[in-house]
Amino acid sequence: MDTRGKPMLNVASPPPAELTRAHCRFCLPPAWRVRLAALGTLLLAACGGLPIDTTHVSRGQDSRVQFVVLHYTSSDLPESLQMLTDQGVSSHYLIGATPPTIYRLVDEERRAWHAGESQWRGRTWLNASSIGIELVNPGYRQTAAGRVWYGYPQAQIDRLIALLQDIRQRHQLPIDSIVGHSDIAPQRKVDPGPLFPWRQLADAGLIRWPDAQQVARLQPGYATALPDALWFQQQLAASGYSIAFSGEFDEQTRNVLAAFQMKYRPARYDGVADAETAALLAALNAAGQP
Ligand SMILES: [Zn+2]
């Protein structure tokens, strides 16, 4: 990633040496190459002794980054840092809880190993097309009464929203490119969990949100006649989720419903289809696809 010359968040960056590894001393960062080429300046880059003429820049390109995936680490900061830097998993960013320091662990131009088998809006294996952000958070603890979840400090969320706005602007991401691990892998993941404040991301203009008045209008009708399983599956697929159209409220459907409910109706996320969930789905999809 090259962020020089742009307003930057207070990111705990790798040492400057990392940047110099990405661009040899004879090369300019891509953004500067584009600017100089636009001015008609002949620029010959010489990487590793191989002369490359970079004066012609194609319009037919965009960012590798199409999505941002949010996670929690299930552990404290030292363990999170150790796990994400010294094992076979990683993320581009890690945000501490207190203080909410942003660590960059993987360059945005490179793949981090955070999503695993995943799917969203028909795209699969999202490591190649996403930025992964891990939030230091214990996740949940199991009790006799069920899972007890840990909340997120507001300062951590504030820092995350600032980082997301920065990423979205730099990569020109459409609204709703920001998803949870539970959205893209609902059969096996629950992070960032039901206490993650998705509503704040909606208020910041980062994700769509079902219109409350429309939900209130739609809900009584769905309470009278609850749509069938195929309707729910089609609506969930239209929202971006990967789901099989089995026509039954089977386990895979309950898992996807639970992921949707954790995000938009965290007061109850049992995966059971109900009128409010139907109204939320219909209102969200009525708000249009990105
Ligand atoms: Zn995760």
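Preceding block: the structure.
Residues numbered from 1 in each chain as written. Predicted model: local features only at pLDDT ≥ 70, side-chain atom pairs only at ≥ 80, totals over all residues.

*Asks:* Which residues make up the overall build of the chain, and what values go with them?
*Replies:* Helix and strand counts for the chain stand at 10 helices and 12 strands. Partitioning the intrachain contacts of the chain with sequence separation of at least 6 by distance along the chain shows that 62% fall at a separation of at least 24. (Helix = DSSP H or I, 4+ residues; strand = E, 2+ residues; numbered from the N terminus. Contact = placed C-beta atoms within 7 Å.)

*Asks:* Report on the pairing of strand β10 (residues 140–143), specifying residues and quantitative values.
*Replies:* Sheet analysis places β10 next to strand β11 (residues 146–149), joined by four bridges and oriented antiparallel. Pairing of Y140 across the sheet is with W149, part of β11. What sits between the antiparallel neighbours β10 and β11 is a turn of two residues. (Pairing = 2+ DSSP bridges.)

*Asks:* Outline the packing of helix α7 (residues 212–224) against helix α10 (residues 275–286), supporting the account with residue identities and numerical values.
*Replies:* At a minimum axis separation of 8 Å, α7 and α10 run at an interaxial angle of 135°. The angle between α7 and α10 falls in the class oblique. Considering only the axes of α7 and α10, their crossing is right-handed. Contacts from Q214, V215, L218, Q219, Y222 and A223 in α7 reach A275, E276, A278, A279, L280, A282, A283 and A286 in α10. Of the residues contributing to the contact of α7 with α10, the split by class is 11 nonpolar, two polar and one charged. (Axes fitted to C-alpha atoms, helices over the stretch in contact; angles between N-to-C directions. Parallel < 35°, antiparallel > 145°, perpendicular 65-115°, else oblique. Left-handed = near helix turned anticlockwise from the far one by under 90°. Nonpolar A, V, L, I, M, F, W, Y, C, P; charged D, E, K, R; others polar.)

*Asks:* Any details on the environment of T73? Residues and values, ideally.
*Replies:* Summarising the element assignment, T73 is placed in the loop between β4 (67–72) and α3 (77–86). Considered as a pair, T73 and L135 are 62 residues apart in the sequence and their alpha carbons are 6.0 Å apart.

*Asks:* Tell me about the environment of I131, and please be specific about residues and values.
*Replies:* Note on placement: I131 falls in strand β9 (residues 130–135). What makes I131 buried here is the crowd of 29 C-beta atoms within 10 Å. Remark: the alpha-carbon pair of I131 and E109, spanning 22 residues in sequence, is separated by 9.2 Å. Every residue in contact with I131, bar those within four places of it in the chain, is listed here: V65, V68, H92, E108 and I167. (Buried ≥ 20, exposed ≤ 12 C-beta atoms within 10 Å, placed from the backbone.)

*Asks:* Hey, could you go over the environment of L281 for me, with residue numbers and the actual values?
*Replies:* With respect to the secondary-structure elements, L281 resides in helix α10. A count of 26 C-beta atoms within 10 Å places L281 in the buried class. Each C-alpha atom of the pair L281 and L257 lies 10.0 Å from the other, and the pair is 24 residues apart in sequence. Here L281 is in contact with Q235, L236 and S239, once residues within four sequence places are set aside.

*Asks:* Give a description of the packing of helix α8 (residues 229–238) against helix α9 (residues 251–264) that names residues and reports values.
*Replies:* Their axes nearest at 11 Å, the elements α8 and α9 cross at an angle of 50°. With respect to α9, the axis of α8 lies oblique. Read as a crossing pair, α8 and α9 show a hand that is left-handed. Together, A229, F232, Q233 and L236 of α8 and T253, V256, L257 and F260 of α9 make up the contact between the two elements. Residues belonging to the contact of α8 with α9 are distributed by class as follows: six nonpolar, two polar and no charged.

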